[in-house]
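Residue-level listing of the chains:
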Amino acid sequence: MSPANAPNPLKKVSARLFRPSAALGILLLAANPAARPQSQKVAINASVSIVESAQESAPVPRATKDLLGDFTKVFGQAPKLVGTLDEAGPVAILIAQNSNLPAGVDCATATDTEAFAFSIAATGVGPTRRRVVCLTGADMRGTIFAIYEFSQKILGVDPMYLWTDKQPVKRTSVTLPADFAHVYPQPVFKYRGFFPNDEDLLTGWIPTEKGDQTGISLKVWDNIFETTLRLKGNMIVPGTWIFPDDAQVLAASQRGLIVNQHHAIPLGVNVARWPRDVPYNFSTHPEILERAWTNAVAAYKPGEEILLSVGLRGLSDSSYASLDPSVQNNDPLLGKRVSDAIAEQIKIVRAKYPDAQFVTDLWQEGARLMQEGYLRIPSDVSLVWADTGYGDMQDGGKVAAGQGAYFHVAMMNGQANQLSEMVPVAVIQSELGRYIKAGATSYLLVNTSDLRPVAMTTRALMEVAWGGVPADSTDADTAYYKRWATEEFGAKSADALEKIYKEYFAAPSLRTSFGPPGLTSAGNAPPVPVNFSSIPRQDGDNHYHSELRRLILDRLSEGQVAAVPSQSPKWTLPRLMPTPTAQMESAVLKRDIKECEEAQPRWDAVWNHAVEAEKLIDPDRRSYYQAEVLTMITINRESNRALLEIARALQDADAGQTEKAQTETAAALHALDAIQQSMAAAEYGKWKNWYRGDWLTGVYRSRELVQDYQNHLKDPLAKLPAPVSWSGWEAYFHIMQYEGDRSVDVH
């Protein structure tokens, strides 16, 4: 293991540590590219030579290989790849980290961490004269970013093409623009990248190869890594409940990414696989946890660049207080335990890696403990505030310089959206703009869940992570929607789609604070909700389906619903869900009917406008329009309708209006069928089986239960479904199945 931003065997020159501020640093140039005359235009085509020295760090050739593929897409064939300028033709593209630049080539350079530069130089005289297009990086990742920026800006390759299916325009040549020479400054956020969390669709899509030692296939992981780098990210959290020696950890490092951990697995201890009959209690058996932390750190491989998460949570993504009676309802003591655990974790790591870098994520109770003043975070740990899944950062206005953000554009919590876009671009720009203004730019992690459903907002957030919010913030979200629509669907669609996106984000009802009593994924009572943000929370695709299934299961089992823990050790026992009272059930039905009735006309209007806009979409982009826009709207529109009809049916059945209830249940089935048909249409080409892994939101499971309820209405003696809530368990059975019976090493 190599500490993040420390000398690394994969890198010839280590990146210098820095703490970016809201203002971009001044870049020093080895030579001023603007001063170089460009008397001749430079044409780029398949006849150019790409020059890359054997001295480049291993991840750089991986990016160069992608560039060769991009050339093939644009020009029909790949250019010649050579190791020196002497081997190149009359026009050469030189890829080089500053320290590897060949002598005598006057390329512009950038000096700050991960910065890069474009310039044009010349070498030789007479018949040996060459035009050299310089793509230079201050360090290994700066060089990688130069490659991908050239591909995007000059070749026209969509940085999200692996998820949007957008192919570049085929050309015979491309002339470099007059303003090609440019120095790209260091990023605004120091650490920035993806967290594919609750990764059910990604797991179910393409099966892993035998021996992959990962839930998501390594081919899909490589697509995720490539996209992260094309968006100039430098960090990845490679899965939810993983071990430090899983295959994708090494694969991420080989791509040049820094590896970080899910906040629930400090130092990489996969607590969802804690061994049976071994105490997990930092109050009474600290030595056991300390051994687990020590062993996790030792499991990282040499050469992997690791940013270590520190903290203390339970044996799932739940509070440590759920397992230690001594700290329950005692925030001062809970804060002390978490603080002491962080101090011990740092001590363990520093003994082996003195230059290690750390972050701690204030998820859920972490924000509360910090707001109350009960956490002690060492100065050498980056403090990271989190949202609750809606972009609603929970710092309560207390964010400060040197801190960071954990931000969701997708969220699986039973209430938000996992299968469709959720967070308006205006929220991304305003909340992260607030952090940039405060100088809280040490870290930005975006929870993308399965990535494809949230491609638009993922790109919006990563653009802010690299370059900050637009200088002109007036209606900046409008500008982004129009640019996205133009690039993905054609210029004729931009005005219409900008309005449709805004209508879409405004269509759901606001989330209310009450509902049927439930349990966490660990089988514990959920924490008392605390909110330190004014950002609105809305009903999402999770909400419609978790609510619909719970209502039907409660009705058919008379409140005897067992919950199978989903993100917990295998030995965690199922528990009976709290039973709602008759008054509570009645109130929930009235609320669901009211909210869904109010929202349905808004959803219908969005749908009608989206269908009308389809004629404006470039013909070759209509398949993606169906997958990205129409399916997104269908999932929410028809899920809202399905919940509305089921709530009405339950209410009418209580009133003895069985036939009416049957009609409403049939309407719910029709709505769910519409969702599944739209999902099937989105599984074109390489996307075959994309929704096979829809285990968490679980549209198919909702349909099964609605069918069971319809059967019950028609025949009270019909077979009943098992009174079990198990969608989360099913998802994590598949996501973690590759781990077998492995458990955390505590010896």
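**Quick look at the confidence of the model for the protein**
In the predicted model, the protein carries a mean pLDDT of 92, and 93% of its residues have values of at least 70. A low-confidence stretch, residues 7-39 (pLDDT under 50), is modelled with 86 contacts involving residues beyond four sequence positions or located in other chains.

**Comments concerning the pattern of salt bridges**
What the rule picks out here adds up to 51 salt bridges. Among the ionic pairs, Asp340 bridges to Lys336, the shortest N-O distance being 2.8 Å. With a gap of four residues between them, Asp340 and Lys336 both fall in helix H8 (residues 331-352), about one helical turn apart. The network of salt bridges with common partners includes Arg62, Asp66, Asp70, Lys73, Asp222, Glu226, Arg230 and Arg255.

**A closer look at the sheet that holds strand E6 (residues 116-123)**
Ordered by their spatial adjacency, six strands build an open sheet running E4-E3-E5-E7-E6-E9, and the pairing between neighbours is mixed. Both outer strands of the open sheet, strand E4 (80-82) and strand E9 (182-184), are each paired with one neighbouring strand and no more. Direction aside, the axes of adjacent strands within the sheet are offset by 25° on average. One ladder, built from seven bridges, connects strand E5 (residues 91-97) with strand E7 (residues 130-137); its direction is parallel. Note that in E7 the partner of Ile95 across the bridge is Leu135. Helix-sheet contacts for helix H1 (residues 59-75) involve strand E3 (49-52), E4 and E5, and the interaxial angle to E3 is about 175°.

**What about the side chain of Thr631?**
For Thr631, the location among the structural elements is in helix H16 (residues 622-654). In contact with Thr631, not counting residues within four places along its chain, are Gln626, Ser678, Met679, Ala682 and Tyr691.

**With respect to the pairing of E6**
For a regular strand, side chains alternate in direction, first toward one face of the sheet and then toward the other. With respect to burial, E6 is a largely interior element, seven of its eight residues being buried. Sheet topology note: the E6/E7 ladder contains eight bridges and is antiparallel. What sits directly across from Ile120, in E7, is Val133. Two elements, E6 and E9, share three bridges in a ladder whose sense is antiparallel. Across the sheet, residue Ala117 finds its bridge partner in E9, namely Val183.

**A word on the nonpolar core**
Grouped together as the largest cluster of nonpolar side chains are 218 residues, with contacts concentrated most on Ile44, Phe71, Phe150, Trp163, Trp274, Phe407 and Tyr625. In terms of residue count, H16 provides more of this core than any other element does, 15 residues in total. When residues no more than four places from it in sequence are discounted, the contact partners of Trp274 are Val269, Pro279, Tyr280, Ile288, Leu289, Ala292, Leu315, Pro569, Trp571, Ser743, Val744 and Val746. In this structure, Leu85, Ala92, Leu94 and Val132 belong to the second largest nonpolar core, which totals 12 residues.

**Notes on the state of the cysteines**
Following the criterion strictly, the structure yields one disulfide and no others. Each sulfur of the disulfide joining Cys107 and Cys134 lies 2.1 Å from the other. Every disulfide takes its handedness from the sign of the S-S torsion; for Cys107 and Cys134 that torsion is -60°, giving left-handed. Of this pair, Cys107 sits in the loop between E5 and E6 while Cys134 is found in strand E7, placing the two residues 27 residues apart along the sequence. Across this residue pair, the class does not change: Cys107 and Cys134 are buried.

**Thoughts on the sheet that holds strand E20 (residues 575-576)**
Across the sheet, three strands lie side by side as E20-E19-E21; this open sheet has mixed pairing. Only two strands of the sheet have a single neighbouring strand rather than two, namely E20 and strand E21 (724-725). In this sheet, E20 lies alongside strand E19 (residues 562-563) in antiparallel orientation, the contact comprising two bridges. Looking at the pairing, Ala563 lines up with Arg575 of E20.

**Considering the packing of helix H10 (residues 425-438) against helix H11 (residues 455-467)**
As a packed pair, H10 and H11 sit with axes 10 Å apart at the nearest point and diverge in direction by 20°. When the axes of H10 and H11 are compared, the pair comes out roughly parallel. Viewed along their axes, H10 and H11 form a crossing whose handedness is right-handed. Contacts between H10 and H11 involve Val425, Ile428, Leu432 and Ile436 from the first element and Thr457, Ala460, Leu461 and Val464 from the second.

**Looking at H16**
For H16, with 33 residues, the first-to-last C-alpha span of 45 Å sits near the 48 Å given by 1.5 Å per residue. Where H16 bends most, at Leu630, the angle is about 35°. Gly656 sits one or two positions beyond H16 and adopts a positive phi of about 85°.

**Some points on a nonpolar patch on the surface**
On the surface, a nonpolar cluster with roughly 280 Å² of combined accessible area is contributed by Trp726, Trp729 and Phe733. Following the sequence through the fold, Phe733 ends up in helix H19 (residues 727-735).

**Some words on the packing of aromatic side chains**
The full count for this structure, using the stated rule, is 28 aromatic pairs. Note on Phe118 and Tyr184: the rings are 5.1 Å apart at their centroids and 65° apart in plane angle, and the pair reads as edge-to-face. Here Phe118 is found in strand E6, whereas its partner Tyr184 is found in strand E9, with 66 residues between them in sequence. For the pair Phe118 and Tyr184, one class covers both residues: buried. Ring pairs connect the aromatic residues Phe116, Phe118, Phe145, Phe150, Phe180, Tyr184 and Trp466, which therefore count as one cluster. Sitting over the ring of Trp466, Lys232 keeps its end group 5.8 Å from the ring centre. Here the basic side chain of Arg742 rests over the ring of Phe243, its NZ or CZ set 3.9 Å away from the ring centre.

**Thoughts on helix H7 (residues 286-299)**
For H7, which comprises 14 residues, the first-to-last C-alpha distance of 20 Å matches the rise-based estimate of 20 Å (1.5 Å per residue) to within 8%. Residues of H7 that are buried sit in contact with H8.

**Considerations on unusual backbone geometry**
With a phi close to 65°, Asp277 is a non-glycine residue in the positive phi region. Inspection of the secondary structure assignment puts Asp277 in the loop between strand E12 (258-259) and H7. Take Asp277: its relative accessible area is 71%, and that puts it in the exposed class. Phi at Asn329 takes a positive value of approximately 60°, unusual for a residue other than glycine.

Conventions used here
- All chains use their own residue numbering, which begins from 1 and follows the written sequence.
- Only residues with pLDDT of 70 or above have their local features reported here, since the model is predicted, and side-chain atom pairs are shown and tallied only from 80 upward, although totals for entire chains, interfaces and linings are computed over all residues.
- To get the side-chain values, all heavy atoms of the structure are used, and hydrogens and water are removed first.
- As a per-residue quantity, pLDDT reports the predictor's confidence and falls between 0 and 100.
- It only takes one pair of heavy atoms within 4.5 Å for two residues to be counted as in contact.
- Whenever a carboxyl oxygen of Asp or Glu lies within 4 Å of a side-chain nitrogen of Lys or Arg, that contact is scored as a salt bridge.
- Strands are runs of DSSP state E lasting at least two residues, helices are runs of H or I lasting at least four, and both sets are numbered from the N terminus onward.
- When DSSP finds two or more bridges between two strands, those strands count as paired.
- Angles here are taken between N-to-C directions and fall from 0 to 180 degrees, while the axes themselves are lines fitted to C-alpha atoms, restricted in helices to the stretch in contact.
- Note on exposure labels: buried denotes an accessible area under 20% of the residue type's maximum, exposed denotes more than 50%, and partly exposed covers the range between, all computed with a 1.4 Å probe on protein chains only.
- To define a nonpolar core, start from buried Ala, Val, Leu, Ile, Met, Phe, Trp, Tyr and Cys residues and group those joined through side-chain atoms within 4.5 Å.
- Criterion for a disulfide: a pair of cysteine sulfur atoms within 2.5 Å.
- For this classification, under 35 degrees means roughly parallel, over 145 means roughly antiparallel, 65 to 115 means roughly perpendicular, and everything else is oblique.
- By the definition used in this description, the sense in which the near helix is turned from the far one sets the handedness, with an anticlockwise turn below a right angle giving left-handed and a clockwise turn giving right-handed.
- The span you would expect from a helix comes to 1.5 Å times its residue count less one.
- Bending is quantified residue by residue as the angle between axes fitted to the seven-residue window ending at that residue and the seven-residue window starting at it.
- Patch membership is restricted to residues that have no salt bridge and whose relative accessible area is over 30%. Joining uses 9 Å for like charges and 5 Å for the nonpolar side chains Val, Leu, Ile, Met, Phe, Trp and Tyr.
- The accessible surface values rely on the Shrake-Rupley method and a 1.4 Å probe; as for residues, cover is taken only from the protein chains in view.
- Pairing of aromatic rings covers Phe, Tyr and the six-membered ring of Trp, with a centre-to-centre limit of 6.5 Å; geometry is then stacked below 30 degrees between planes, edge-to-face above 60, and tilted otherwise.
- Working rule: Lys NZ or Arg CZ, within 6 Å of ring centre, within 35 degrees of ring normal, means a charge sits over the ring.

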